[in-house]
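Observations on chain architecture
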Amino acid sequence: MAYWKWDPAFSVDIAVIDNQHKRIIDYINELGTVSMYQNKDKVHTVLVSLIDYTVSHFSFEESLMQEAGYSMLEAHKKVHFAFIERINFFKERYENGEDIAKQLMMDLQIWLVNHIQHDDTDYKEIVQAMLQKKQIAPMEGQIKDGWLTTMIDKFFK
Ligand SMILES: [Fe+2]
């Protein structure tokens, strides 16, 4: 499976979110690397980390949408939930001895690109406006001590 590179077309113009999406892409690539070496423990570790990080990322995104008063929040949450269920199902299959790494990576790539370019792009403007109101520059990724830092600490530390 080819190494997957971040593409500027994936940007939602909110640096903190772009960075989290990049981290998810890193995990997907890591999954490709460890599965090549057929190291079952390592594949499992990456799978668990990928799920863990994605859950935090989704919760973080949902908090931003909520803070911004985004009207499609509930629908977006449902999409996130369905996706986590899906990766968990892959993890279960892996635990039951199926070699799912390649299929999961393809699935993740298709899903992530589609989700970023449609669902995430849809909240972009309202979240940007909210961040600007809080005087957080979305593109510079300037995270001052305050609300956003607290949120990041809450979900990722
Ligand atoms: Fe999302």
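Residues numbered from 1 in each chain as written. Predicted model: local features only at pLDDT ≥ 70, side-chain atom pairs only at ≥ 80, totals over all residues. Heavy atoms only, no water.

1. Here we look at the side chain of Glu62
The line we're drawing: Only DSSP runs of H or I covering at least 4 residues are called helices, and only runs of E covering at least 2 are called strands; the numbering of each starts at the N terminus. The contact rule is simple, with two residues in contact once any of their heavy atoms fall within 4.5 Å.
When you line up the elements, Glu62 lands in helix α2 (residues 40-68). When neighbours within four sequence positions are excluded, Glu62 is seen to be in contact with Leu73, Lys77 and His80.

2. Here's the deal with the coordination of the iron ion
A metal bound by six donors in octahedral fashion has ideal angles of 90 or 180 degrees, whereas one bound by four tetrahedral donors has an ideal angle of 109.5 degrees. The condition is simple: In this description, a donor is an N, O or S atom within 2.8 Å of the metal centre, a cutoff extended to 3.2 Å for sodium, potassium and calcium. Water is not part of the atom list, which can make sites seem incomplete. Relative accessible area decides the class of each residue, using a 1.4 Å probe on protein chains only: under 20% of the type maximum gives buried, over 50% gives exposed, and in between gives partly exposed.
On the protein side, the iron ion has Glu61 (OE), His76 (NE2), His80 (NE2), His115 (NE2) and Asp120 (OD) as donor atoms, found 2.1 to 2.4 Å from it. In primary sequence terms, the donor set of the iron ion follows E-x14-H-x3-H-x34-H-x4-D. Separated by 19 residues along the polypeptide, Glu61 in helix α2 and His80 in helix α3 (residues 73-95) bring together distant segments of the chain. With respect to burial, Glu61 and His80 carry one shared label: buried.

3. Here we look at the confidence of the model for the chain
Definition in use: Per residue, pLDDT captures the predictor's confidence, and it can take any value from 0 to 100.
Looking at the chain, pLDDT values average 91 and 96% of them are 70 or higher. Between the elements of the chain, mean pLDDT differs from a low of 88, seen in helix α5 (residues 147-156), to a high of 95, seen in α3.

4. A closer look at the packing of α2 against α3
Filter applied, for reference: A fitted line through C-alpha atoms serves as each axis, taken over the contacting stretch for helices, and the angle formed by two N-to-C directions is quoted from 0 to 180°. For classification purposes, angles smaller than 35 degrees are called roughly parallel, those larger than 145 roughly antiparallel, those between 65 and 115 roughly perpendicular, and all remaining angles oblique. Three categories are distinguished: nonpolar for Ala, Val, Leu, Ile, Met, Phe, Trp, Tyr, Cys and Pro, charged for Asp, Glu, Lys and Arg, and polar for the others, with Gly belonging to the last.
In the contact formed by α2 and α3, the axes pass within 11 Å of each other and the chain directions differ by 175°. When the interaxial angle is binned, α2 and α3 end up roughly antiparallel. By residue class, the composition of the contact of α2 with α3 is 12 nonpolar, six polar and six charged.

5. Some thoughts on α5
Here is the rule: To be clear, the arc concerns the directions from the helix axis to the C-beta atoms.
The complete set of buried residues in α5 reads Leu148, Thr149, Met151, Ile152 and Phe155. Take α5 and look down its axis: the buried residues cluster within an arc of 160°, on one side only. Opposite the buried face of α5, at more than 90 degrees from it, the exposed residues are Thr150 and Lys154. Taken together, the buried residues of α5 touch α1 (15-36), α2 and α4 (101-133).

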